[in-house]
Every structure is written in structure tokens, then in C-alpha cells.
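Residue-level structure breakdown
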Amino acid sequence: MLKVHTLPYNPWQENTYIISAENGDCIIIDPGCLSPEEQQHLVAYVSENKLNPVKLLNTHLHLDHVFGNRFVSEHFKLGAIAHKGDEFWLEQTVPYAAQMGMQLEQNPPALEGYLEDNQEIEFGGSVIQVLHIPGHSPGGVALYCPNEGFAIVGDVLFRESIGRTDLPGGDFDTLISGIKTKLLSLPDETVVYSGHGPSTTIGHEKVHNQFF
Ligand SMILES: [Zn+2]
Ligand SMILES: [Zn+2]
């Protein structure tokens, strides 16, 4: 059994996820922790639960999802892994933050490796499948765990909504077709963990999401 824990951080209330296995190994996904208090909150969760972070993954590289990448990389000695299509965003973190009136000292560190469509990551006796779903961002991925019945989808799909498509590299039709073919085809009971807001299920979105 894997456990999925949600930690909302930063002014965008971005959901950082920690997937942990029974042996204490965990994967940190989209660390959005920005303030020192948020950074320490994440560390406290890891230590109080006696977890051992073994991977740092990003669903995509928009700034609200990478604020904590440098901290997590340095604190836990982990390099981030994400889809190559979003790599250009890393250099945009400081300038984008400045546009929002935020002063960041550094961009996140370079990626250590890449996530690719249909890649399978073995973790805690389960397999996590990488589903490349561009449209919100060119390198957006969902992380789907079939035997645990959940998907961590970043900003691709939200409860009764979808990700914005007006940022560089975004495309509405691409996003809709990717969601339809790769997410709505999953079992109805699949729990969907989004980059912001509450979780949902594939079945709920098929019925209640106005975009489909
Ligand atoms: Zn995003
Ligand atoms: Zn976001």
C-alpha cells in the first residue's frame, strides 16, 4: 500500500504530494514550499513519519510547482526529474516571480533526469506510469498508479475544471484531447490528485466537468 499525503504551499496553494511506501521510502512531487516555515513544515512531515525521500519528481515546471526544488534537492540530496518539454521553464522562475512582485534569489537547479511518456517507475511494490499530457504546459505529465488507483495530475485536470492554456507552450485543444485519451480512459474510481484544490475521481469528472 502506498500513502498519498497533500501539503498545500505558497501563495498559489499549490499541492505538494508525498507518496510513501510501507518501508518508509517516499517520493516528493512538486515541492512548492517557498517560505522557511513551509520548508521546515515539509521536513517535519518527513522526519515525524520517519520517511526516506528517494526521488524528487515534478509534474511540470511552472514556478508554483518548483519553488521548493532547490531546498529539497539540497536538503535531501536528490536531483529533480521531469519531462524535457518543460525544462525551459526553470530559467524563467526568477523572472516570472519578479513579474508577480516576488524576489527569488535563484532558479531551481537543473534536472537530473527526464520523465518520458509511458515510462514506468517501480516504487514500494507498485508501478507508477508516466502519462505525458501537454496543453497546460508542453512537458506536463500525470503520474498514474494502476494498482493503487490514483493519479497525480499536476495542473492538467482539476475538480470540475482544467488547467489554464494561456501560458507559453499551452494549447487548449491539445489539453482536452490528452485528458480524454489518457485520463478519462482510466477506471472511474481512480482518485485524481490535482496541483491545486481538492482531489476528485475520473468518474466524477466524466459527469460534472463542463469541459467534456
Ligand atoms: Zn501549472
Ligand atoms: Zn500550479
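In this text, all values refer to a predicted model and were calculated from it rather than measured experimentally.

Remarks on unusual backbone geometry
Even without glycine at this site, Q13 takes up a positive phi of about 50 degrees. Residue position: Q13 is located in the loop between β1 (3-9) and β2 (14-20).

Observations regarding helix α1 (residues 36-48)
For α1, with 13 residues, the first-to-last C-alpha span of 18 Å sits near the 18 Å given by 1.5 Å per residue. Every buried residue of α1 is listed here: E38, L42 and V46. Angularly, the buried residues of α1 cover 80 degrees about the axis, an arc narrow enough to put them on a single face. For α1, the exposed residues set more than 90 degrees away from the buried face come down to P36, E37, Q40, A44, S47 and E48. In this fold, the buried residues of α1 make contact with β1, β2 and β4 (52-57). K50, located one to two residues past α1, shows a positive phi value of around 55 degrees.

Structural notes on the confidence of the model for the protein chain
Mean pLDDT over the protein chain: 98, with 100% of residues reaching 70 or higher. Across the protein chain, the secondary-structure element scoring lowest on mean pLDDT is helix α4 (residues 93-99), at 97, and the one scoring highest is strand β9 (residues 141-145), at 99.

As for the sheet that holds strand β13 (residues 191-194)
Within the open sheet, the six strands sit side by side as β7-β8-β9-β10-β13-β14. Their pairing is mixed. With partners counted over all chains shown, the strands left at the sheet margins are β7 (120-123) and β14 (200-201), one partner each. Where β7 and strand β8 (residues 126-132) come together, four bridges link them in antiparallel fashion. When the sheet's bridge partners are listed, I121 is paired in β8 with I128.

Parameters at a glance
Residues numbered from 1 in each chain as written. Chains lettered and ligands numbered in written order. Predicted model: local features only at pLDDT ≥ 70, side-chain atom pairs only at ≥ 80, totals over all residues. Helix = DSSP H or I, 4+ residues; strand = E, 2+ residues; numbered from the N terminus. Expected span 1.5 Å × (residues − 1). Buried ≥ 20, exposed ≤ 12 C-beta atoms within 10 Å, placed from the backbone. Arc of directions from axis to C-beta. Contact = placed C-beta atoms within 7 Å. pLDDT = per-residue confidence, 0-100. Pairing = 2+ DSSP bridges.

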